[in-house]
Amino acid sequence: MPIGHYIYTSMGVTRRKFIRNTALTGAAVSLASNIMARPYQKRVDANGKLRVGIIGSGLRGQDHIDLLLRRKDCELTCIAEPDQVMLASTKKVFEGFEAKWPEIYDQGPHDYVRMLDKEKIDAVIIATPWEWHSQMAIAAMKAGVFTGVEVSGAFSLDECWELVNTHESTGTPLFFLENVCFRRDVMAVLNMVKKGLFGELIHLECGYEHDLRGVKFNDGVTPYNSGVEFGDKGFSEAKWRTWHSVYRNGDLYPTHGIGPVAQWININRGNRMETLVSMASKSRGLHEYIINHPKGGPDHPNAKLEFRLGDKVTTMVKCTNGETIVLHHDTSLARPYSLGFRVQGTKGLWMDINKKLYIEGTSPGHQWEDAATYLTQYDHDAWKAHEKDAEGAGHGGMDWFVTDAFVRCALEGTEPPFDAYDAASWMAITPLSEASIANGGMPQAIPDFTRGRWMKRI
């Protein structure tokens, strides 16, 4: 059974359908079986392959290229990338697979437009700096190309609406490439949720808690903690990501957390996020990093900068069905990595941070249990079937699953599991959190990007 079918049987379906479908050994019902689905074009050439283009072959783009080159059902035909350093490292990836070097569009950051116009491609993956994502995705949808776009927060609600409006007017599908939705424990917990292990869900927590100081200030000497430079003097993400910390104050990267949460409580499919409130702490982490780094110090020019991004941004969300969500954004302080998941219902809870679980009537007394046994028991069928395929893929294997789902959706003409409506809803958290913080924590209404159709969408 294809990976896409395994995944879609559990993502975004009712509990009754989930239980029924996961018991099947034949073809399963896909997420596309909802009132907003449409018969999409199957994207396949005469040789049975998907012709794929890449916009942005930086480090993240190279991850996608590596996974696509492993496949026999894809042909990577063109790349738009203006950075010659990144193109050089991309070429090494192709050489490692002894793969044909594709057509290159490197005449500036807008040369992707020429690629979309000239090349006969079926699908495109966009893996560029955040500020380019939406305009590139909109251009690709207008070109009629099955569009996969990497994750980020939005810059405005207008941007989110334009993604939705373009999808609806063109009929071109958008696949939002949120890989954490495919993380093994996340999918196991999805099984637990759909089978009622936690009862009715009440409260959820998530976030992006990741020490990125060495990413934001990186001169390319080593992957992390390599310097105090950014912008034109920086390497990879340091060229662009750090500017957001200088000028913006909000939850800049919400989707790794909210994506899985949205699946657990059926956001845009019988439920929706209604309002949010955000607050931000003071900003100290990046300044301290610069002045204490061997290549920095109090006299370094970057030590004079004032960073707007609070070291700890906290956002609270209220949902139509009554659940509350807390999101955390924490990328400028010394800390271990965590997405901080918490799933709490009337019968118990799971917490990612301590890898523990409690189920009323099953767990001993009022004591935590190790979650490992449950995660094994409720391991998702997709991971059981494709664990070997995912070995060596990025982020613990989950990158293989998101790439596989993307390719299969395009080839088979099926609905993406995370579409334009999901992208708009999740990305909107960023500008809304900025507005709430700027206005002293005032509540912000979250638009209904489905225009009411979430009520009957399953």
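Please refer to the structure higher up on the page.
Residues numbered from 1 in each chain as written. Predicted model: local features only at pLDDT ≥ 70, side-chain atom pairs only at ≥ 80, totals over all residues. Heavy atoms only, no water.

A word on the overall build of the protein chain. Helix and strand content of the protein chain: 17 helices and 15 strands. Taking all 458 residues of the protein chain together, 60% fall into the buried category. Across the protein chain, contacts joining residues at least 24 apart in sequence account for 74% of those joining residues at least 6 apart. Carbon and sulfur atoms make up 52% of the accessible area of the protein chain, which totals about 18,600 Å². (Helix = DSSP H or I, 4+ residues; strand = E, 2+ residues; numbered from the N terminus. Buried < 20%, exposed > 50% of the residue type's maximum accessible area, 1.4 Å probe, protein only. Contact = heavy atoms within 4.5 Å. Areas by Shrake-Rupley, 256 points an atom, 1.4 Å probe, with all protein chains shown as cover.)

Our next topic: the pattern of salt bridges. A full pass over the atoms with the stated rule returns 28 salt bridges. With a shortest N-O distance of 3.3 Å, E387 and R184 are connected by a salt bridge. Linking E387 in the loop between α14 (381-386) and α15 (398-412) with R184 in helix α8 (residues 184-194), this pair joins segments that are 203 residues apart in sequence. According to the relative accessible area criterion, E387 is partly exposed, its value standing at 37%. Its salt-bridge partner being R408, residue D404 comes within 3.3 Å of it at the nearest N-O pair. (Salt bridge = Lys/Arg side-chain N within 4 Å of Asp/Glu carboxyl O.)

This brings us to the packing of aromatic side chains. The tally for this structure, following the rule as stated, stands at 21 aromatic pairs. Between F94 and W101, the ring centres sit 5.2 Å apart and the planes meet at 90°, which makes this aromatic pair edge-to-face. In this structure, K91 is placed above the aromatic ring of W101, and the distance from its NZ or CZ to the ring centre is 5.6 Å. Stacked on the ring of Y253, the Lys or Arg R241 has its end atom at 4.9 Å from the ring centre. (Phe/Tyr/Trp six-rings, centres within 6.5 Å; stacked < 30°, edge-to-face > 60°. Lys NZ or Arg CZ within 6 Å of the ring centre and 35° of its normal.)

Glancing now at the sheet that holds strand β3 (residues 103-105). Taken together, 6 strands build an open sheet; the order of strands is β3-β2-β1-β4-β5-β6 and the sheet is parallel. The open sheet is flanked by β3 and β6 (174-176), the only strands paired with a single partner. Strand-to-strand twist across the sheet, computed as the mean angle between neighbouring axes with direction ignored, equals 25°. Across 4 bridges, the pairing between strand β1 (residues 50-55) and strand β4 (residues 123-126) is parallel. Pairing of I54 across the sheet is with I125, part of β4. (Pairing = 2+ DSSP bridges. Axes fitted to C-alpha atoms, helices over the stretch in contact; angles between N-to-C directions.)

Here we come to the sheet that holds strand β11 (residues 342-345). If you walk across this open sheet you meet the 9 strands as β14-β13-β12-β11-β7-β10-β9-β8-β15, and the pairing is mixed. Taken across any chain shown, the strands that pair with only one partner, and hence form the sheet edges, are β14 (369-370) and β15 (444-445). Where strand β7 (residues 201-209) and β11 come together, 4 bridges link them in antiparallel fashion. Looking at β11, one finds that L204 is bridged to V343. In the packing of helix α11 (residues 255-264) onto the sheet, contacts are made with β7, β8 (273-280), β10 (324-330), β11 and β12 (348-351), and the angle to β7 comes to roughly 160°.

On to the packing of helix α6 (residues 133-142) against helix α7 (residues 157-170). Running from amino to carboxyl end, α6 crosses α7 at an angle of 10°, the nearest separation of the two axes being 9 Å. On the basis of the axis angle, α6 is roughly parallel to α7. For the pair formed by α6 and α7, the contact residues are S134, A137, I138, M141 and K142 on the first element and E159, E162, L163, T166, H167 and T170 on the second. Here the residues of the contact of α6 with α7 are counted per class, giving 4 nonpolar, 4 polar and 3 charged. (Parallel < 35°, antiparallel > 145°, perpendicular 65-115°, else oblique. Nonpolar A, V, L, I, M, F, W, Y, C, P; charged D, E, K, R; others polar.)

Positive phi, close to 60°, is recorded for N266, a residue that is not glycine. Of note, N266 is situated in the loop between α11 and β8. Among the residues examined, N266 registers a relative accessible area of 24% and is labelled partly exposed. A positive phi angle, near 70°, is found at N268, a position not held by glycine. Locating N268 in the fold gives a position in the loop between α11 and β8. With relative accessibility at 3%, the residue N268 sits in the buried group.

Where helix α3 (residues 59-69) meets helix α4 (residues 84-97), the axes come as close as 10 Å, and the angle between the chain directions of the two elements is 15°. When the interaxial angle is binned, α3 and α4 end up roughly parallel. Crossing geometry of α3 relative to α4 is assigned as right-handed. Between α3 and α4, the contacting residues are L59, Q62, I65, D66 and L69 on the first element and M86, S89, T90, V93, F94 and F97 on the second. Among the residues making up the contact of α3 with α4, the classes are represented as 7 nonpolar, 3 polar and 1 charged. (Left-handed = near helix turned anticlockwise from the far one by under 90°.)

In this section: the nonpolar core. Ranked by internal contacts, the top residues of the largest apolar core, which has 114 residues, are F198 and W264. With 10 residues, the single largest contributor to this core is α15. Those residues in contact with F198 that lie beyond four places of it in its chain are V189, M192, V193, V343, G345, T346, K347, G348, L349, W350, L357 and I359. Core analysis: the second largest hydrophobic core is formed by 10 residues, V228, F230, L286 and Y289 among them. (Core = buried A, V, L, I, M, F, W, Y, C linked by side-chain atoms within 4.5 Å.)

As a further point, take the pairing of β7. Of all 9 residues in β7, 8 are buried; the element is thus mostly enclosed. Alignment of β7 against β10, held across 7 bridges, turns out to be parallel. Across the sheet, the residue bridging to E209 is D330, located in β10.

As a further point, take α11. Burial of α11 is extensive: 10 of the 10 residues sit out of reach of the surface. Every buried residue of α11 is accounted for by T255, H256, G257, I258, G259, P260, V261, A262, Q263 and W264.

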